[in-house]
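# Examination of the molecular architecture
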Amino acid sequence: MKIQEGYMPFHQYQTYYRIVGEPSQGKAPLLLIHGGPGSSHNYFELMDDYAKTGRQLIMYDQVGCGKSSIPDDESIYVKETWAAELVALRKYLHLDQVHLLGQSWGGMLEMYYLTTFDPQGIKSVMINGSPASIKLWVKEQHRLLKYLSYEDRQAIAEAERTGNFSGPKYLAANDRYMERYCWDDPDQNSPEPLRRPTNGKKASLIAEGPNEFTENGTISDFDVTDELKKIHVPVLVTNGTDDLCTPLIAKTVYDHIPGAKWHLFANSRHLALLDQHDEFIQVLDQWLKEMIDQLTN
């Protein structure tokens, strides 16, 4: 398959993008929006083979991570920047008609983009493991923490009380929490894209905070729940049964988007693309085929 890489000028920075496959007149490209803030496109490379269906895949690193510029100016790390970048990328790559797939923060960015900009040419949207409200997200994370061991709960509670998130007991407890609900730390047996650095620690700390349950960064007030009724394109919401994005969080998104559909991955954590790869691709493919059927009927 053809793979094209490049950089888009964005303000005084550069945004890295990666395009897999050839354009098709009959199939609009699928634009993939990664999580974080502070992750990267890396895990979306697990989808490269899907381009063999004739659907072009487009992925990119949001400014502040991956191969894109990492600004020193902390004021850059806000949702408005990343939304403006998404607008610019569509224009730069001439993505007049496009399907969107956002994972975690990427789905949050989709929701903000759709409700704030009312963009044209969006044929469908997948929102994978994403909250509409950080307040609900934090509440659910603290509920999930109750399933950890007593020692881990104590270590995390002490870190939250003191604001010291560098102690060995806390770090080990947080690792176990993330392994349970997010994904395993990459090792030599992990897919190669997952072993690559995301270069997003700065973006993550500024925008989110020290962890998933202490959200005190620039997106800590994120809440578009009451705005979701403005979304008028087909939406598929997904999450996993053992996901940081709990069924309650996913259902809250699903309930507020008119006509949305919802798929629950029965054996997945925060990245069904990794935990249930084949089923994820199957669900994606079926969803996009439904969009074609809607247009032809």
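Quick look at the structure, then. Because the structure is predicted, anything quoted here is derived from the model rather than measured.

Procedures and definitions
Numbers given for residues are sequential positions, taken from 1 along each chain in its written order. Totals for whole chains, interfaces and linings use every residue, but because this is a predicted model, local features are given only for residues with pLDDT of at least 70 and side-chain atom pairs only at 80 or more, for both listing and counting. For the side-chain quantities, the full set of heavy atoms in the structure was used; hydrogens and water were omitted. Runs of H or I in DSSP of at least four residues are treated as helices and runs of E of at least two as strands, each being numbered from the N terminus. Note on exposure labels: buried denotes an accessible area under 20% of the residue type's maximum, exposed denotes more than 50%, and partly exposed covers the range between, all computed with a 1.4 Å probe on protein chains only. Strand pairing requires that DSSP identify at least two bridges connecting the strands. Just to be clear on terms, a salt bridge is a Lys or Arg side-chain nitrogen sitting within 4 Å of an Asp or Glu carboxyl oxygen. For the purposes of this analysis, a disulfide is any pair of cysteine sulfur atoms at a distance within 2.5 Å. Working convention: axes come from line fits to C-alpha atoms, limited for helices to the stretch in contact. Angles between N-to-C directions cover 0 to 180 degrees. Should an angle lie under 35 degrees it is considered roughly parallel, over 145 roughly antiparallel, and from 65 to 115 roughly perpendicular; all remaining angles are considered oblique. Any pair of residues with heavy atoms lying within 4.5 Å of one another is described as a contacting pair. Residue polarity is assigned by list, with Asp, Glu, Lys and Arg as charged and Ala, Val, Leu, Ile, Met, Phe, Trp, Tyr, Cys and Pro as nonpolar; anything else, Gly included, falls into the polar class. Working definition: rings of Phe, Tyr and Trp (its six-membered ring) pair if their centres are within 6.5 Å, and the pair is stacked with planes under 30 degrees apart, edge-to-face with planes over 60 apart, and tilted otherwise. Any Lys NZ or Arg CZ that is within 6 Å of a ring centre and within 35 degrees of that ring's normal is treated as a charge sitting over the ring. Should the near helix be turned counterclockwise from the far one by less than a right angle, the crossing is left-handed, whereas a clockwise turn marks it as right-handed. Every patch collects residues that have over 30% relative accessible area and no salt bridge, joining them within 9 Å if they carry like charges and within 5 Å if they are nonpolar side chains (Val, Leu, Ile, Met, Phe, Trp, Tyr). Surface accessibility in these figures is a Shrake-Rupley result with a 1.4 Å probe; residues are shielded only by whichever protein chains are displayed. Charge counting follows a simple rule: Lys and Arg are positive, Asp and Glu are negative, and His as well as the terminal groups are ignored. A charge is said to be at NZ when it belongs to Lys, at CZ for Arg, at CG for Asp and at CD for Glu.

With that out of the way, let us pick up unusual backbone geometry. In this structure, the amide linkage connecting Gly36 to the following residue, Pro37, adopts the cis form with an omega of -10°. A positive phi angle is found at His94, which is not glycine, with a value near 55°. Assignment of secondary structure puts His94 in the loop between helix H1 (79-92) and strand S5 (98-103). A residue is classified by how much of its surface remains accessible, and His94, at 63% relative accessible area, is exposed.

A word on the pairing of strand S6 (residues 122-128). Burial within S6 is extensive, with 6 of its 7 residues counted as buried. With 6 bridges joining them, S5 and S6 adopt parallel strand pairing. Looking at S6, one finds that Val98 is bridged to Ile122. Two strands pair when backbone bridges link them, and S6 and strand S7 (residues 235-240) are joined in this way by 4 bridges, in the parallel orientation.

Across 8 bridges, the pairing between strand S1 (residues 3-10) and strand S2 (residues 13-20) is antiparallel. Bridge pairing in S2 places Glu5 opposite Arg18.

This model, assessed by the stated rule, comprises 17 salt bridges. The closest approach of N and O atoms between Glu140 and Arg143, which form a salt bridge, is 2.9 Å. One end of the pair is Glu140 and the other is Arg143, both in helix H3 (residues 134-145) and 3 residues apart, which spans about a single turn. Here Glu140 falls in the buried class, since its relative accessible area comes to 5%. Assessed through its relative accessible area of 33%, Arg143 is described here as partly exposed.

Within the element layout of this structure, Ile249 appears in helix H8 (residues 247-256). By relative accessible area, which is 1% here, Ile249 ends up buried. Taking the C-alpha atoms as reference points, Ile249 and His34, 215 residues apart in sequence, are found 19 Å from one another.

Turning to the state of the cysteines, a few remarks are in order. Following the criterion strictly, the structure yields 0 disulfides and no others. Considering cysteine sulfurs only, Cys182 is the nearest to Cys65, which forms no disulfide, with 15 Å between them. Since its relative accessible area comes to 5%, Cys182 is described here as buried.

Right, let's talk about the packing of H1 against helix H2 (residues 105-117) for a bit. The contact between H1 and H2 brings their axes to 10 Å, and the two run at 75°. As far as their axial angle goes, H2 and H1 are roughly perpendicular. Taking contact as the criterion, the partners of Lys79, Glu80, Trp82, Ala83, Leu86, Val87 and Arg90 in H1 are, on H2, Trp105, Leu109, Tyr112, Tyr113 and Phe117. Counted by class, the contact of H1 with H2 contains 9 nonpolar, no polar and 3 charged residues.

Under the definition given, this model contains 14 aromatic pairs. On the numbers, 6.3 Å between centres and 85° between planes, the contact of Tyr112 with Phe117 is edge-to-face. Counting every residue linked through ring pairs, the aromatic cluster contains Tyr77, Trp82, Trp105 and Phe222. We note Lys79 situated over the ring of Tyr112; from NZ or CZ to the ring centre the distance is 5.4 Å.

Packing of helix H4 (residues 150-162) against helix H5 (residues 168-181) brings their axes to within 8 Å, and their N-to-C directions diverge by 115°. With respect to the hand of their crossing, H4 and H5 are arranged in left-handed fashion. Here H4 contributes Asp152, Ala155, Ile156 and Ala159 to the contact with H5, which in turn contributes Lys169, Tyr170, Ala173 and Arg176. For the contact of H4 with H5, the per-class residue count stands at 5 nonpolar, no polar and 3 charged.

A few words on a negative patch on the surface. On the surface, Asp175, Glu179, Asp185 and Asp187 cluster together to form a negatively charged patch. Residue position: Asp187 is located in the loop between H5 and helix H6 (192-195).

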